[in-house]
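Remarks on the overall topology
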Amino acid sequence: MVRNGLGIVLFLSTGLFATSQDTYSQESPTVRVDLPPGISPNDVHINYFMTGPFGGYGGFVTPARDRLSYQIIAAVDGKLAERVKLIAYAPGCQIETLDIQVQSQTVSRQLSCVPLAQTILRGQIMPTPIMQQPSEVEVAYVAMWDHRFFGIADGPVTTFHVATAIPDQSGRFEVSLPDFSVQANLGEAEFRFTLREIKTGNIIASLSPAEDAPAPRGLRVEASYPPLIRFSSIPR
């Protein structure tokens, strides 16, 4: 988790230095988040940021199999939070944002699932990487709009996994991506591509649209993409 008692707050990222909060105390106010029906609990991403007399405090909940609701302690060191903001995503659904005023011992919110269409992206890694182990392309959604939503000025950006593809021997791959273009009102966002070893999960290279090389960059969220996008392989 990230905290700054002086009110200069940093942010969190599920893959960096945030800490999960998946237990709660009956003595502290809590925000209970109920998942929508038909959603796989272990595929849900929920990040939050709370503010109060302690400054700012952020974290995420750890997905768990068969768990249909999560409790977030709305207090830090005995100081009660005044406001909790959440970013939630479940595969097949639009991203949901919540802004909750903490005014009671337990505040409950039900997440909804507005269906989200998919868009096909076909890519090719150039040059084709030579690998000793089978590899996969991992695609993550990067929400550059999160700082504005959470009301912070610095720190890592909210990022979550959305898809995986297996490249062939020529480096070509095809992946189905959530069509987040319908939520352009949230703000700027992009997809980032990483080549990993399947067995170990080790990063082989960052992948960037070829025209942006050599600096690694993401791919802007769009409703559709060209027939083939070439990606430069930038070893890690």
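How each quantity is defined
Residues numbered from 1 in each chain as written. Predicted model: local features only at pLDDT ≥ 70, side-chain atom pairs only at ≥ 80, totals over all residues. Heavy atoms only, no water. Helix = DSSP H or I, 4+ residues; strand = E, 2+ residues; numbered from the N terminus. Buried < 20%, exposed > 50% of the residue type's maximum accessible area, 1.4 Å probe, protein only. Contact = heavy atoms within 4.5 Å. Areas by Shrake-Rupley, 256 points an atom, 1.4 Å probe, with all protein chains shown as cover. Salt bridge = Lys/Arg side-chain N within 4 Å of Asp/Glu carboxyl O. Pairing = 2+ DSSP bridges. Axes fitted to C-alpha atoms, helices over the stretch in contact; angles between N-to-C directions.

1. Some words on the overall build of the protein
Summing up its helical and strand segments, the protein has one helix and 18 strands in all. The burial tally for the protein puts 47% of its 236 residues in the buried class. The contacts of the protein with a sequence gap of at least 6 include a subset with a gap of at least 24, amounting to 69%. Just so you have it, the protein exposes about 11,800 Å², and 49% of that area is on carbon and sulfur atoms.

2. Some words on the pattern of salt bridges
The tally for this structure, following the rule as stated, stands at six salt bridges. With a shortest N-O distance of 3.2 Å, Asp 34 and Arg 32 are connected by a salt bridge. Classification of Arg 32 as partly exposed rests on a relative accessible area of 31%. Arg 196 is paired through a salt bridge with Glu 138; the nearest N and O atoms lie 3.0 Å apart.

3. Concerning the sheet that holds strand S5 (residues 69–73)
Judged by pairing direction, the sheet is mixed, and its three strands sit side by side in the order S5-S2-S10 without closing on themselves. Strand pairing shows two members of the sheet lacking a second neighbour, S5 and strand S10 (106–110), which therefore form its edges. Strand after strand, the sheet turns through a mean of 20° between neighbouring axes, direction not considered. Sheet analysis places strand S2 (residues 30–34) next to S5, joined by five bridges and oriented antiparallel. By the bridge assignment, Val 31 is partnered in S5 with Ile 72.

4. Some points on the environment of Ile 229
One can find Ile 229 in strand S18 (residues 229–235). With 20 residues separating them along the chain, Ile 229 and Pro 209 place their C-alpha atoms 7.0 Å apart.

Honestly, that's just the spatial picture; any functional story needs more than this.
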